[in-house]
Amino acid sequence: MSTTSFPSTHKSFTKRTSGSIMVRKCRHLTAFVIATVGLIGMGGISTASAQSDNYQTTLEEIVVTAQRRQESSQEVPIAITALTTEFLIEKDIRTLEDLNGLVPGFVTTNSVAYSQAPLSIRGIGGSNGGANIFADEPVAVYVDGIYIGRLSFSTADLVDISSVEVIRGPQGTLFGRNSTAGALLINTATPTEELEGNISAGWTSLDEWRASGVLSGALVKDRILARAAVSYSDRSGFGDNLVNGSDLGGSEDFTARLRLRFLVSDTLTIDLINEYQERRAKPLTFQIADISNPLASSPFILRDDLDQMLDSNNFAINDPQFANSETLGSTLAINWDLGNVVVDLLSGYRSWELNGAQDSDGSGFSNFNNNGRLDNKQFSQEIRIRSNNERRTEWVAGAYYLHEDNEMSPLSINNFNGFFGLGTNAIFNAFQDLDAVAVFADVAFQVTDQLTIRVGGRYSDENKKFENNQDVFVLNGGTVPPFIPGIGGLTLPPGTVLVPPATFNDEESWDDFSGRAVLDYKISKDVLLYTSYTQGFKSGGFNSFGLDPAFMPESIEAVEFGAKADFMENRLRTNVAVFYYDYTNLQVRRPVPTGGAFVENAPAAEVMGFELEVTALPAQGLRITGNIAYLDTEFKGGQLSAVPNDLLFPIGAPIPLETVDIDGNRLSRAPEWQLYLAGDYSFRMGNWGTSNLLVSLQHQSSVFFTETDQDQPTFRSNGWEEVDVRLTFTTADQRYELALFGSNIFDSRHITQVSALGSFPLGAVNEPAKFGILGTLRY
């Protein structure tokens, strides 16, 4: 049975899939079950065969860098989840989008357009999500220590990754700009002394093919190490376009990385990392509202055939929809151990260019479309000096510089119904330069063997220069209605200048001091209690489609209480965090009825909640992992611009927005509950090797995708559950591995993102049930 989750105002939310589709899904599931049973049967499993000294008997130590030094995650007084290489492989994590529901408080989405998939932590997800190109994100993403300024990485393939650290809560002191919600630290695998490598290839029932290879070893013994990784994937896409027969929701990706490590001396190490990514994507976004009458529609009336469309994966998109991008990144990392102090120098350059197009109304009607080119170049430089001794005081200090050149040139919005049916073609050429500098320091003083006090602060200064050139032309042509002053009755051909060219230039600077104070207390060597007060800051900015002054920066104050504990001789691990946030001037994305979007500031919001993570080894070969997160979010007063919810109007019409009260509304992309539960069982298969069976359940409660009109059905999604399963066989010598897996095996369909384009809801959806096979050779 295929389950679709939508608001309760819809007439039906659980429907049987049509016959041919059900037959196809049953075939995939039957083949998967037969292969799984056969694989288990190869070893003649018995209770006795599961008795082995090779099974994990204690929970491993996980090393993280959340405090700018390598530490055990259980000794860091911050809410952090570290995902290992093994976890990323077992859960078939291809991009950051696939982490949705796996980490407490972390919400991701499918790409909404232009390969930009917004991220959210603890209900804070920023003003992006489509159509506002230059707005900064509150979830800071770092790759090998280098800050990634745009959303360009959220849909990129994760290739040869050693770990992903999800840090929850503001990180304004140690990680600085745009980390009011938290930070993601993505670490690629490092070169090895010994020659090693692997080759993997896989296929899924959604007609997805992928292959990757890694080679690592010494180029010059004890002096130069190298690691090369290459990956290619071709995802045809699960959606069928009824208009032209094309596939939707797929992509073709190529990634290549070369990492060199120079062991200059016993105390000096230099890493040089170069990476190239190329992506050809076909994002799937579709209309959620009923626009069957484009001259009298409302963004708040749900289309009748929505669940039928998702059950069949048949969509109607009549305009081009693609996002083709190229990324080049270079990182130079120098680590110099001077005895009592260690110096880290990080230099990073990144170039990202994208050409894209989108059917803005997400339908078979010709109402809106857009196309454009985005270009981002950034250079960053950071120096950190940290203590390196066994004394009671540990400290780290540093300075940071970032320069960004951003271009949206050109981006064209075509409104076919605009200007009384003559249509409008609005072309924007916008540019933004950013210069950001910061200095920071953090000190930890061990008062006693059990009590540690940590204080830190960061001063940031940012400057943005913005320019926007706007031209508006007649799109369709026709005769102007007679009541229009000055031009009434005139016949205007396509391409006629409709609005005189407009240019807007502005420059704005912001500065901020963000601090943190932490008390942590070790009850024993295995139990840590902590409480913290932290601040965060996200700079203001300019609306990429606007001719208006800058919107204000947002800031946050956060209080957190937490506990981290290992019990039962390191066979049970529990981490809990309780938090409260006070937000000021929260940046919120609002729609423009004639196309585009703009950012407004909501004056205040509060967030409170708790998170619990548990890992246990209850029996030989069995590992249980789970987490649960609760969020209570609320705007405290304030008003925002909104489309009148009782108005029927032509799509693209320049209707006036009204101002509505948002006091008491929830934040967008902030589910009240999240749950993840997984059972992982390993067992011997005679002398053949070892098998591992992983079954997991994910649950997320309903979310809103707008801060206004939360009583309407189109900008929200109901709660959902997904079940994944994976069976892996590894030979006794660890060289060969074969995995059979199923993702979302009960075909639960749910909306992952809704963005207002032309004020109408454009949605993205999760993948349907998927079954696959992956083989790996290690050498």
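Residues numbered from 1 in each chain as written. Predicted model: local features only at pLDDT ≥ 70, side-chain atom pairs only at ≥ 80, totals over all residues. Heavy atoms only, no water.

(A) Focus on the overall build of the protein. Counting its regular elements, the protein contains three helices and 45 strands. In terms of C-alpha radius of gyration, the protein reaches 27 Å, essentially the compact-globule figure of 28 Å for 779 residues. Structurally, the protein occupies a C-alpha span of about 85 × 60 × 50 Å along its principal axes. Each of the 779 residues in the protein was classed as buried or not, and the buried ones make up 58%. By sequence separation, contacts in the protein at least 24 residues apart represent 69% of the contacts at least 6 residues apart. Counting every atom, the protein has about 29600 Å² of accessible surface; 58% of that belongs to carbon and sulfur. Across the protein, 57 positive and 94 negative side-chain charges occur, with their mean positions spaced 5 Å apart. (Helix = DSSP H or I, 4+ residues; strand = E, 2+ residues; numbered from the N terminus. Rg over C-alpha atoms; globule rule 2.2 N^0.38 Å. Buried < 20%, exposed > 50% of the residue type's maximum accessible area, 1.4 Å probe, protein only. Contact = heavy atoms within 4.5 Å. Areas by Shrake-Rupley, 256 points an atom, 1.4 Å probe, with all protein chains shown as cover. Lys, Arg positive; Asp, Glu negative; His and termini not counted. Charge placed at Lys NZ, Arg CZ, Asp CG, Glu CD.)

(B) Local environment of unusual backbone geometry. Across the junction of Ser409 and Pro410, the peptide omega takes the value -10°, indicating a cis bond. For Pro410, the position within the fold is in strand β24 (residues 393-415). Of note in the backbone geometry, Asp92 takes a positive phi value of approximately 55° without being a glycine. Even without being glycine, Asn570 reaches a positive phi, approximately 65°. Within the fold, Asn570 resides in the loop between β31 (554-567) and β32 (572-591).

(C) Highlighting the sheet that holds strand β15 (residues 239-241). Read from one edge of the open sheet, three strands run β16-β15-β20, paired in mixed fashion. Whereas interior strands pair on both sides, the edge strands pair on one side only; in this sheet they are β16 (247-248) and β20 (314-315). Bridging between β15 and β20 involves two bridges; their strand directions are parallel. Bridging from a neighbouring strand, Asp240 pairs with Asn314 of β20. (Pairing = 2+ DSSP bridges.)

(D) Fine view of the side chain of Asn414. Mapping Asn414 onto the fold places it in strand β24. The class for Asn414 is buried, based on a relative accessible area of 10%. In this view, Asn414 contacts Asn367, Phe368, Asn369, Asn371, Thr424, Asn425 and Leu475; residues no more than four positions away in its chain are not counted.

(E) Layout of the pattern of salt bridges. Going through the model one piece at a time under the given rule, you end up with 43 salt bridges. With a closest N to O distance of 2.9 Å, Arg122 and Glu560 form a salt bridge. Remark: Glu560 occurs in strand β31 and Arg122 occurs in the loop between β7 (120-121) and β8 (139-143); sequence separation between them is 438 residues. The exposure classification of Arg122 matches that of Glu560, with both residues buried. (Salt bridge = Lys/Arg side-chain N within 4 Å of Asp/Glu carboxyl O.)

(F) Summary view of the environment of Ile124. Here Ile124 lies in the loop between β7 and β8. Considering only alpha carbons, one finds Ile124 and Gly169, 45 residues apart in sequence, at a separation of 9.7 Å. Discounting chain neighbours no more than four positions away, the residues touching Ile124 are Leu119, Pro138, Val139, Ala181, Tyr583, Leu586, Val607 and Leu667.

(G) A look at the sheet that holds strand β5 (residues 80-84). Ordered by their spatial adjacency, five strands build an open sheet running β5-β10-β11-β8-β9, and the pairing between neighbours is mixed. Across the chains shown, the open sheet's two edge strands, defined by having one partner strand only, are β5 and β9 (146-148). Going from strand to strand, the sheet's axes swing by 20° on average, the running direction of each strand aside. Relative to strand β11 (residues 182-188), strand β10 (residues 161-168) runs antiparallel, the two being bridged by seven bridges. The residue of β11 that forms the bridge with Val166 is Leu184. (Axes fitted to C-alpha atoms, helices over the stretch in contact; angles between N-to-C directions.)

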